[in-house]
Amino acid sequence: MSNTYDAIVIGGGVIGGSIAYNLAKRGSKVLLLEKDRLASKSSGAAAGMLGAQAEMDGVGSLFQLAKKSRGMFPTLANEIKEKTGIDIDLINKGMLKICLNDQDQQENKRIITTQRQNGEEAEWLTGSEIRKKEPAVSEAITGAMYLEKDGHVDATQLTLGFLKSATVLGVVIKEYVEVHSFKFSNGKVTGIETNEGHFTSDKIIVAGGAWSNKILAETGLQLDTYPVKGECFSVVIQQPLLSSTIFSHGCYLVPKKGGRIIVGATVIPRTFNQQVTVEGISLLMEKAKYLVPSIVEAEWERAWAGIRPQTADGLPYLGEHPIYKGLFVATGHFRNGILLSPITGEVIADLVEGKEPPLNLSPFRVERMVKQYT
Ligand code: FAD
Ligand code: GLY
């Protein structure tokens, strides 16, 4: 089989998966390489929230990207189901961004005003209105911003759904293949070297999550990014405890199918260590118990950790390498890579094809903030 492709994607997470899927939909012959197992890093660790409004204030370029991406999920869920039979478990029962004190209330009311001024739906609920809707939440909750459109998906199923849909469309996927270096000629990328030999393409996309800087190091480009560890755990309860996601400072509870609840997440910057610690999980348990006391009755399922790819200005890098033509970067999605995956796949496929993307990508350009060129 020829080792030459129209495009090569580095990274088998949700971002690489979405890019490969979008390129394949447009007829490209694509190779995707993953150094470990598919969905084994951040994308398999995520809670799957689509928190366009809960995680952003409702203004700015990232919010516009997130809002467009959130709106793509219903169609995407159907596409993946039809192509592969995989259900990404899209649940649209809203999020409650809750308040525990006056300061939280002032902040959330300010955000509601901003979001409404920008045409978004955001509702204020008092403590008793919340408990009417969600009887399990604690009396300590004094109010909340209710965001009806912020749903969630199963992050691993979404990632595998993109990847399997891509293979149905002809993408070649190789696990346990690590990209070591690039080949260049006359300022253009021409291929890569891996532990399984050489592959040729003049379009290569780096979607290596928190490891993207390591992949790019030899290109003389050091992005201003850093890893941020996050730990989560899950429990199962027979009688469903929650309908909407409960989102608070340092703790969220996401009610999944079958009485499963994901509780997340710690935020520990500048480490690639993926160990789950007693400290991290006990901190989350204390917070979860404070928000939803009857969670103590739930059955323990498991705990895990992942490494989020963060950037110094909080915006992802989406664009072409400033020195080498044909080399593209899609990383730095931090806490919102699941949410941002559909739009990222679409805009990167546009850039690879030389088409104008449907959104202004200049705030996300690669050269806006690099630590060094050599
Ligand atoms: P990854 O999933 O890390 O994938 C990158 C892949 O590249 C890895 O599999 C890696 O092995 C591979 N790779 C690296 N180097 C090489 C190489 N040299 N050769 C080949 N392959 C290579 N986002 C949301 O939108 N909603 C949430 O609710 C949410 N919750 C989260 C909760 C936690 C605890 C964590 C940790 C993250 C959460 N996120 C959430 C963030 C989200 O998981 C990330 O933004 C997203 O998964 C990043 O995807 P990625 O594909 O860029 O990175
Ligand atoms: N977006 C949730 C998290 O990163 O923990």
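Summarised in this report is the structure supplied together with it. (Residues numbered from 1 in each chain as written. Chains lettered and ligands numbered in written order. Predicted model: local features only at pLDDT ≥ 70, side-chain atom pairs only at ≥ 80, totals over all residues. Heavy atoms only, no water.)

The next point concerns the site of ligand 2. Around ligand 2 sit Met-49, Glu-55, Tyr-252, Ala-265, Arg-308 and Arg-335, and those are all the residues in its vicinity. Between ligand 2 and Arg-308 there is a distance of 2.8 Å, counted from an oxygen atom to a side-chain nitrogen or oxygen. In the shell around ligand 2, the residues fall into three nonpolar, no polar and three charged. (Near = heavy atom within 4 Å. Polar contact = N/O pair within 3.5 Å; in protein donor to acceptor, adjacent residues only side chain to side chain. Nonpolar A, V, L, I, M, F, W, Y, C, P; charged D, E, K, R; others polar.)

In the segment running from Gly-264 into Ala-265, the intervening peptide bond is cis, with an omega of -20°. Mapped onto the elements, Ala-265 comes out in the loop between strand E15 (260–264) and strand E16 (268–269). Positive phi outside glycine occurs at Tyr-176, with the angle close to 55°. As for its placement among the helices and strands, Tyr-176 is situated in the loop between strand E6 (172–174) and strand E7 (179–185). For Tyr-176, a relative accessible area of 47% translates into the label partly exposed. (Helix = DSSP H or I, 4+ residues; strand = E, 2+ residues; numbered from the N terminus. Buried < 20%, exposed > 50% of the residue type's maximum accessible area, 1.4 Å probe, protein only.)

This paragraph deals with the site of ligand 1. In the vicinity of ligand 1 lie 38 residues, with Glu-34, Ser-43, Met-49, Phe-334 and Arg-335 positioned nearest. In the environment of ligand 1, an oxygen atom lies 2.6 Å from a nitrogen or oxygen atom belonging to the side chain of Glu-34. Burial of ligand 1 by the protein chains amounts to 99% of its free accessible area of 1000 Å². If you list the elements that add at least two residues to the shell around ligand 1, you get helix H1 (14–25), helix H2 (42–45), strand E12 (225–236), strand E17 (299–311) and helix H9 (337–353). Its residues assigned to classes, the shell around ligand 1 comprises 19 nonpolar, 13 polar and six charged. (Areas by Shrake-Rupley, 256 points an atom, 1.4 Å probe, with all protein chains shown as cover.)

The next subject is empty space enclosed by the protein. In the structure shown here, the tally under the stated rule is one cavity of 30 Å³ or more. Lining the largest cavity, in full, are Gly-209, Ala-210, Ser-212, Asn-213, Leu-223, Thr-225, Tyr-226, Pro-227, Pro-309, Gln-310 and Thr-331. Put simply, the parts of the chain that give the lining of the largest cavity at least two residues each are helix H7 (212–216), E12 and E17. The greatest single-element share of the lining of the largest cavity, amounting to three residues, is contributed by E12. (1 Å grid on protein atoms, 1.4 Å probe; cavity = no way out; pocket = protein on both sides within 12 Å on 5 of 7 lines; lining within 4 Å. Points joined across faces, edges and corners; volume = space filled by probe spheres on them.)

Attention now goes to the packing of H1 against helix H6 (residues 155–168). Following both chains from N to C, one finds H1 and H6 inclined at 30°, their axes separated by 8 Å at the closest point. By the criterion of interaxial angle, the relationship of H1 to H6 is roughly parallel. Of the two elements, H1 crosses H6, and the hand of that crossing is left-handed. Only Leu-158, Thr-159, Phe-162, Leu-163, Ser-165 and Ala-166 of H6 make contact with H1, whose side of the interface consists of Val-14, Gly-17, Ser-18, Ala-20, Tyr-21 and Ala-24. For the contact of H1 with H6, the class distribution of residues is eight nonpolar, four polar and no charged. (Axes fitted to C-alpha atoms, helices over the stretch in contact; angles between N-to-C directions. Parallel < 35°, antiparallel > 145°, perpendicular 65-115°, else oblique. Left-handed = near helix turned anticlockwise from the far one by under 90°. Contact = heavy atoms within 4.5 Å.)

This part takes up the sheet that holds E7. With antiparallel pairing, the three strands of this open sheet are ordered in space as E7-E8-E9. The sheet terminates laterally at E7 and strand E9 (197–200), the two strands that pair on one side only. Averaged over all neighbouring strand pairs, the angle between strand axes comes to 30°, with direction disregarded. In the sheet, strand E8 (residues 188–194) pairs with E9 via four bridges, with the strands oriented antiparallel. When the sheet's bridge partners are listed, Thr-194 is paired in E9 with Gly-197. (Pairing = 2+ DSSP bridges.)

What follows concerns the side chain of Thr-271. Note that Thr-271 resides in the loop between E16 and helix H8 (278–291). Within the structure, Thr-271 has its side chain in polar contact with the backbone nitrogen of Asn-273 (distance 2.9 Å). Once residues within four sequence positions are removed from consideration, Thr-271 is found in contact with Pro-227, Lys-229 and Ile-307.

Turning next to the layout of surface pockets. Approximately 280 Å³ is the volume attributed to the second largest pocket. As for the second largest pocket, its lining consists of 19 residues, of which Lys-97, Phe-247, Ser-248, His-249 and Gly-250 are closest to the centre. Classifying every residue of the lining of the second largest pocket gives eight nonpolar, six polar and five charged.

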